[in-house]
Protein chains: 2
Amino acid sequence: MMADYRTLTAAELAAEKQELETAYRRIQAQGLKLDMSRGKPSPEQLDLSMGMLDVLSSSDILTCENGADVRNYGLFEGIPEARQLFADLMEVEPDEVFVGGNSSLNLMYDTVARNMQFGAAPGEIPWGKQSVVKFLCPVPGYDRHFGVTETFGIEMISIPMTPAGPDMDLVEQYVNGDPAVKGIWCVPKYSNPDGYTYSDETVRRFAALKPAASDFRIFWDNAYCVHDITDTPDTLLNLMDECKKRGSEDMVYIFCSTSKISFSGAGVAAMAMSRKNLAWAKKYLTMQTISFDKVNQLRHTRFFGSREGVKAHMEKHRAIIKPRFDLVFSMLDREIAGLGIAEWTRPNGGYFFSLNVLPGCARRVVSLCKEAGVVLTGAGASFPYGIDPLDTNIRIAPTYPSLEELEKAAEVLCLCVKLAAVEKLLNQIKAA
Amino acid sequence: MMADYRTLTAAELAAEKQELETAYRRIQAQGLKLDMSRGKPSPEQLDLSMGMLDVLSSSDILTCENGADVRNYGLFEGIPEARQLFADLMEVEPDEVFVGGNSSLNLMYDTVARNMQFGAAPGEIPWGKQSVVKFLCPVPGYDRHFGVTETFGIEMISIPMTPAGPDMDLVEQYVNGDPAVKGIWCVPKYSNPDGYTYSDETVRRFAALKPAASDFRIFWDNAYCVHDITDTPDTLLNLMDECKKRGSEDMVYIFCSTSKISFSGAGVAAMAMSRKNLAWAKKYLTMQTISFDKVNQLRHTRFFGSREGVKAHMEKHRAIIKPRFDLVFSMLDREIAGLGIAEWTRPNGGYFFSLNVLPGCARRVVSLCKEAGVVLTGAGASFPYGIDPLDTNIRIAPTYPSLEELEKAAEVLCLCVKLAAVEKLLNQIKAA
């Protein structure tokens with residue numbers, strides 16, 4: 001095992017660099033084409049839900065449990081059994097649930113758009129008519145969240161993540177102190193990309209927020225609510241319940257989807273909010289569409305049956321995903337641990353982990369990987385405006401490639417992390 | 001046959017009124033519960049597409065023609081074969097097509113929302129930041145169109161419909177003269193509710209508009225593009241082609257869906273626009289969602305195959321719909337024609353026709369029908385802000401009820417039209 005790079009002399013580093021460059025050229029010559037950039041399920045995972053295509057056939061009667069024909073218009077909020085299933089997944093009441101199309105991102109974008117255009121509640125000034133609107137963005141976080149707020153010209157404030165969730169001292173300071181702060185993006189369980197789950201204490205502090213703005217909202221994107229990987233899954237305290245205890249339930253929007261349960265391109269998404277918030281949202285949603293795809297809702301509820309059915313299904317995902325995470329971790333442990341040049345999270349669930357390389361090296365690593373045929377998520381993507389101030393965080397998405405591809409990709413990744421580190425350390429010595 | 005009501009004496013009218021009231025009470029006692037309010041396909045029509053549920057099964061490979069796995073994320077604009085099918089239906093090029101979710105209304109709402117928030121093109125001031133924004137609304141028209149513009153606070157100007165389309169002198173005067181006019185709602189083929197199809201001359205005048213506002217857009221909702229009922233279907237000139245001849249193609253958004261082809265609750269919607277407009281829309285759509293339901297797109301394209309497949313399928317719809325329209329027309333012909341108290345359109349396709357009763361009687365007819373257990377579209381619904389200035393237009397939607405129900409409903413309708421007319425004529429005599 002190599003010693004900690006930071007203890008090496010210039011000559012030792014130079015020798016190491018030469019070796020790494022030789023290895024890098026050898027790999028480059030292989031003409032790899034591997035993609036670890038997005039949190040996409042692998043084909044084997046998608047195969048798990050193929051039975052869903054057989055659940056409804058031409059010989060079936062397509063009525064939902066209240067007797068309505070799901071093929072026709074109507075049942076705007078979703079079929080009752082879908083509202084129930086999502087209520088169980090989001091741990092809320094069915095009448096707090098609105099079932100949408102295939103994309104929870106779309107529900108989130110539309111919710112921001114509604115609040116910009118029409119305000120967050122009756123009597124509130126639309127966000128778009130207020131002079132400054134700010135959102136808190138735990139970092140590293142989900143690039144598509146930040147993309148939504150950036151699109152609407154909302155000012156984004158980075159809040160550092162910790163293994164227990166966002167820095168709540170800062171969150172409280174901003175939310176309770178600044179009336180321009182209208183929202184915060186949260187992936188509370190198996191956060192994207194760290195894979196951290198908010199602690200009970202963090203959830204309680206969220207519920208106990210006393211926002212300076214009456215139209216402040218928590219965007220609680222519970223994308224990975226049933227997406228455990230290890231034998232020691234995390235648990236997340238129920239934010240809606242905690243809010244109800246304190247009368248702050250109008251502060252919360254909850255989102256989830258089956259994109260990483262059934263088909264990423266053809267799942268069902270839902271959102272939950274207080275009856276008051278939902279009534280307000282429905283006033284506009286009913287102008288936006290007549291109803292979402294209820295046949296697909298019925299297909300999902302008949303296939304999964306219940307939350308227990310979903311959880312049993314997720315065990316099958318886990319059997320496919322876990323070896324992929326394990327493989328990358330074992331490569332990192334073997335190749336990088338002890339060199340003092342990178343740290344990484346090791347989540348109990350979700351789709352990602354964070355690889356934090358030496359400050360100033362993330363972009364270089366991503367670029368080296370790309371030139372060797374391995375596409376990673378762009379460095380900085382996990383930060384508002386795409387700018388990681390320390391240039392240190394890389395989001396690793398190990399689910400999509402096959403184990404064989406993943407081994408190759410991880411090999412390239414480890415090599416590039418080392419090469420970028422050696423380059424940096426040599427430059428530091430030269431500069432000194 | 002009764003004589004023209006307008007020629008009757010007060011005594012004759014009073015006698016007729018008494019007879020009609022007796023008949024009305026008899027019908028009321030039957031406790032009917034019939035719905036002719038919305039343009040919903042009947043269960044038999046939905047049955048026509050049940051084979052679609054068998055098209056994809058667990059033994060199929062779910063790749064589209066470019067080899068992509070439709071189950072996963074990606075192919076944001078839609079799968080190639082769906083873009084091709086909708087291009088054929090909308091008579092545009094595949095790369096001018098964006099395939100969305102299940103609702104064309106949603107695509108329209110989102111398009112208005114985007115233009116409100118971000119402007120209709122690069123460099124244009126967002127509609128929402130301009131002091132006044134106006135839309136032209138051919139009347140009678142589609143209530144949900146008007147609902148969208150009303151929601152966004154857009155001022156609506158009624159433009160009278162003619163059998164050849166909207167009054168184009170007025171349209172030209174407004175569009176070419178007033179820079180606050182940013183859009184017009186059009187259902188150019190088998191218009192909702194008249195069932196009129198815009199003439200070639202009308203389409204050419206649309207293409208030749210010289211809008212005072214550079215961000216003026218025609219919302220061309222071609223909802224009934226393949227929805228013929230009779231042996232003498234209408235044809236609609238291709239607006240996009242006419243615009244391209246004049247270089248005005250950036251002025252047009254085209255919408256359509258399979259809601260009244262496959263399943264109203266689980267179809268596929270699409271929109272078409274110039275490459276320039278589409279590039280601008282995609283800048284925001286890509287922030288709104290990752291991709292729409294491509295499994296359902298594949299299900300549709302495999303089931304229908306081509307535009308010809310769709311047209312063959314529409315023949316089956318026609319066989320179910322035509323007798324319904326015919327039944328209501330024959331009842332109206334028998335009961336109402338010659339009384340001088342109502343006129344109605346007799347479309348070659350679509351889902352509706354207009355019944356125009358004596359001025360001041362539409363609300364009364366709808367209310368009388370309702371109290372006899374027959375729900376019609378609310379009087380005024382076909383006008384901006386729900387106000388029919390003459391209170392004369394009733395939208396009739398004959399597709400959903402069974403023939404048996406429809407006969408009963410039409411009987412009630414005819415009775416109520418007569419009763420409301422007699423009431424009005426008697427009141428006029430009294431007032432004179």
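Residues numbered from 1 in each chain as written. Chains lettered and ligands numbered in written order. Predicted model: local features only at pLDDT ≥ 70, side-chain atom pairs only at ≥ 80, totals over all residues. Heavy atoms only, no water.

J.: What am I meant to see in the sheet that holds strand β3 (residues 134-139) of chain B here?
T.: Whenever strands of a sheet pair, they do so through backbone hydrogen bonds, lying parallel or antiparallel. Residues and elements named next belong to chain B. The sheet built from eight strands is open, its strands ordered β2-β9-β8-β7-β6-β3-β4-β5 with mixed pairing. Of all the strands in the sheet, the pair left with one neighbour each is β2 (97-99) and β5 (165-166). Judged from the four bridges that link them, strand β7 (residues 217-221) and strand β8 (residues 252-257) form a sheet pairing that is parallel. Each bridged residue has a counterpart across the sheet, and for Ile218 the counterpart in β8 is Val252. (Pairing = 2+ DSSP bridges. Helix = DSSP H or I, 4+ residues; strand = E, 2+ residues; numbered from the N terminus.)

J.: In this structure, what is going on with the packing of aromatic side chains? I would like to understand it.
T.: Working definition: an aromatic ring pair is given by the centre-to-centre distance plus the angle between the planes. The final tally for this structure, using the stated rule, is 44 aromatic pairs over all chains. Residues Phe219(A) and Tyr253(A) carry aromatic rings whose centres are separated by 5.1 Å and whose planes lie at 75 degrees to one another, so their mutual orientation is edge-to-face. Of this pair, Phe219(A) sits in strand β7 (residues 217-221) while Tyr253(A) sits in strand β8 (residues 252-257), placing them 34 residues apart in sequence. When sorted by exposure, Phe219(A) lands in the same class as Tyr253(A), which is buried. On the basis of an interplanar angle of 25 degrees and a centroid distance of 6.0 Å, the ring pair of Tyr224(A) and Tyr351(A) is categorised as stacked. Of this pair, Tyr224(A) sits in the loop between β7 and α9 (239-246) while Tyr351(A) sits in the loop between β10 (342-344) and β11 (353-357), placing them 127 residues apart in sequence. For Tyr224(A), a relative accessible area of 4% puts it in the buried group. A connected cluster of aromatic rings, assembled from ring pairs, spans Trp127(A), Phe135(A), Trp185(A), Phe219(A), Tyr253(A) and Phe255(A). The ring of Phe329(B) is capped by Arg346(B), whose NZ or CZ atom sits 4.9 Å from the centre of that ring. (Phe/Tyr/Trp six-rings, centres within 6.5 Å; stacked < 30°, edge-to-face > 60°. Buried < 20%, exposed > 50% of the residue type's maximum accessible area, 1.4 Å probe, protein only. Lys NZ or Arg CZ within 6 Å of the ring centre and 35° of its normal.)

J.: Is there a simple way to think about the interface of chain B and chain A in this case?
T.: Interfaces are often sized by the amount of accessible area the parts lose when they come together. Across the contact, 55 residues belong to chain B and 55 residues belong to chain A. It is Arg71(B), Tyr73(B) and Gln288(B) in chain B that bury the most area against chain A; as a group they hold 17% of the surface buried on that side. On the surface where chain B and chain A come into contact, there are two salt bridges. For Arg71(A), the salt bridge identified is with Asp47(B), shortest N-O distance 2.6 Å. At the surface where chain B touches chain A, the tally comes to 22 residue pairs in polar contact (both at pLDDT 80 or more). Those elements that provide at least two residues to the side of chain B that touches chain A are α2 (43-47), α3 (52-55), α5 (104-118), α6 (143-151), α10 (275-288) and α11 (294-304) of chain B. In terms of residue count, α5(B) provides more of the side of chain B that touches chain A than any other element does, seven residues in total. The residue makeup of the side of chain B that touches chain A, split by class, is 24 nonpolar, 19 polar and twelve charged. (Contact = heavy atoms within 4.5 Å. Buried area = accessible area lost by both parts, 1.4 Å probe. Salt bridge = Lys/Arg side-chain N within 4 Å of Asp/Glu carboxyl O. Polar contact = N/O pair within 3.5 Å; in protein donor to acceptor, adjacent residues only side chain to side chain. Nonpolar A, V, L, I, M, F, W, Y, C, P; charged D, E, K, R; others polar.)

J.: Sorry if this is basic, but what is going on with the relation of the copies chain B and chain A here?
T.: One copy of the chain maps onto the other through a rotation about an axis plus a displacement along that axis. It takes a turn of 180 degrees to lay chain B on chain A, together with a shift of 0.0 Å along the axis; the resulting RMSD is 0.0 Å. Taken together, the rotation and translation describe the operation of a two-fold axis. Most of the interface of chain B is mirrored in chain A, where 100% of its interface residues again form contacts. (Least-squares fit on C-alpha atoms with pLDDT ≥ 70 in both.)

J.: Please clarify how the sheet that holds strand β13 (residues 393-396) of chain A should be interpreted in this entry.
T.: Residue and element names in this part refer to chain A. Ordered by their spatial adjacency, three strands build an open sheet running β10-β11-β13, and the pairing between neighbours is antiparallel. At either end of the open sheet lies a strand with only one pairing partner, and these are β10 and β13. If you compare each strand with its neighbour and ignore which way they point, the axes differ by 25 degrees on average. Where β11 meets β13, four bridges bridge the pair, whose relative direction is antiparallel. Bridge pairing links Ser354 to Arg395 in β13. (Axes fitted to C-alpha atoms, helices over the stretch in contact; angles between N-to-C directions.)

J.: Mind showing me how you'd approach the pairing of strand β9 (residues 269-273) of chain A here?
T.: Looking along a regular strand, one sees the side chains alternate between the two faces of the sheet. Residue and element names in this part refer to chain A. Summarising burial for β9: five of the five residues are buried, a large majority. Residues of β9 alternate between two faces, with Ala269, Met271 and Met273 on one and Ala270 and Ala272 on the opposite face, all of them buried. Looking at chain direction, strand β2 (residues 97-99) and β9 are connected through three bridges and run antiparallel. Directly across from Phe98, in β9, lies its bridge partner Met271. Pairing geometry for β8 and β9, over five bridges, is antiparallel. The residue of β9 that forms the bridge with Cys256 is Ala270.

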